[in-house]
Amino acid sequence: TSYHRLHRQKNHNAIFKDRCCFHRSNAGETMAWSESVDTLLANKDGLAAFRTFLKSEFSEENVEFWLACEDFKKTKSSTKIASKAQRIYSDFIQADAPKEINIDIHTKTHISRNISEPTLSCFDDAQRLIYSLMAKDSFPRFLRSEAYKELVKKQQNGNQKRWLPFL
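Okay, so let's go over this structure.

Now for helix α6 (residues 78-93). Looking only at α6, the buried set comprises Ile 81, Ala 85, Ile 88, Tyr 89, Phe 92 and Ile 93. One side of α6 carries all its buried residues, which in axial view fall inside an arc of 100 degrees. The exposed set on the far side of α6, more than 90 degrees from its buried face, consists of Thr 79 and Arg 87. Check the buried side of α6 and you find it contacts α5 (61-72) and α7 (105-114).

Put into structure tokens, the structure is as follows:
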């Protein structure tokens with residue numbers, strides 16, 4: 001699966017990070033972001049660039065919600081589950097939330113009914129919808145954006161100079 005490929009790549013990069021010929025270049029990483037939205041979201045610099053792009057389009061709430069859900073699913077304490085769920089609900093789900101995401105009424109109603117007793121999966125349907133929206137809409141626009149093209153160009157130019165470090 002792409003999840004396992006990504007983690008193998010991360011392990012590979014960690015192992016060969018300081019060896020000149022094996023570590024994937026910054027330009028390579030930047031280009032790799034175009035492979036999938038998963039690759040982009042899993043890379044700190046890729047995520048930062050995508051967030052900046054979404055802010056420029058006034059739609060950063062989608063990636064912020066997705067990240068909040070990823071963090072929420074790692075929560076161990078039941079009291080923290082309740083407080084984090086309430087924060088996600090008030091920030092992203094409830095009507096007129098400051099960062100309200102665009103989800104269908106059925107999903108929103110289902111979350112609203114169950115928010116008083118949240119589970120770690122209570123936002124899964126909404127997160128899937130937002131992920132799909134980012135993957136099908138925002139991500140392709142990001143790859144076509146001047147910001148992404150400039151970043152790739154800058155990284156490639158920088159790499160050409162660093163390719164032969166012994167010169």
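Resuming the write-up.
What follows covers the side chain of Gln 127. In this fold, Gln 127 is placed in helix α8 (residues 124-144). Among the polar contacts made by the side chain of Gln 127, one reaches the main-chain carbonyl oxygen of Trp 66 at a distance of 3.3 Å. When neighbours within four sequence positions are excluded, Gln 127 is seen to be in contact with Phe 65, Trp 66, Cys 69, Glu 70 and Lys 73.

Time to look at the nonpolar core. Taken as a class, soluble globular proteins show a tendency for nonpolar side chains to be buried jointly. Grouped together as the largest cluster of nonpolar side chains are 17 residues, with contacts concentrated most on Phe 65, Phe 72, Ile 93, Ile 101, Ile 103, Ile 111 and Phe 123. Looking at this core, the elements that each hand over two or more residues are α5, α6 and α8. In this view, Phe 65 contacts Ile 88, Phe 92, Ile 93, Ile 101, Phe 123, Ala 126, Gln 127 and Ile 130; residues no more than four positions away in its chain are not counted.

Here the focus is the packing of aromatic side chains. One pass over the structure, following the stated rule, counts six aromatic pairs. Taking the centre distance of 5.5 Å and the plane angle of 65 degrees together, the rings of Phe 65 and Phe 92 count as edge-to-face. Of the two residues, Phe 65 sits in helix α5 while Phe 92 sits in helix α6, which places them 27 residues apart along the sequence. Members of the aromatic cluster, each reached through a chain of ring pairs, are Phe 50, Phe 53, Phe 142 and Tyr 148.

The next thing to look at is the pattern of salt bridges. Inspection of every chain in the model, using the stated rule, returns 10 salt bridges. For the salt bridge of Lys 84 with Asp 71, the shortest nitrogen-to-oxygen distance reads 3.0 Å. Of this pair, Lys 84 sits in helix α6 while Asp 71 is found in helix α5, placing the two residues 13 residues apart along the sequence. In this structure Lys 84 comes out as partly exposed when scored by relative accessible area, which is 23%. Residue classification places Asp 71 among the partly exposed positions, given a relative accessible area of 40%. A salt bridge links Lys 149 to Glu 146; its shortest N-O distance comes to 4.0 Å. Taken together, the residues span about one helical turn, with Lys 149 and Glu 146 both in helix α9 (residues 146-162) at a distance of three residues. Taken together, the salt bridges that share partners define one network made up of Arg 51, Glu 64 and Lys 99.

Conventions used here
Residues numbered from 1 in each chain as written. Predicted model: local features only at pLDDT ≥ 70, side-chain atom pairs only at ≥ 80, totals over all residues. Heavy atoms only, no water. Buried < 20%, exposed > 50% of the residue type's maximum accessible area, 1.4 Å probe, protein only. Helix = DSSP H or I, 4+ residues; strand = E, 2+ residues; numbered from the N terminus. Arc of directions from axis to C-beta. Contact = heavy atoms within 4.5 Å. Polar contact = N/O pair within 3.5 Å; in protein donor to acceptor, adjacent residues only side chain to side chain. Core = buried A, V, L, I, M, F, W, Y, C linked by side-chain atoms within 4.5 Å. Phe/Tyr/Trp six-rings, centres within 6.5 Å; stacked < 30°, edge-to-face > 60°. Salt bridge = Lys/Arg side-chain N within 4 Å of Asp/Glu carboxyl O.

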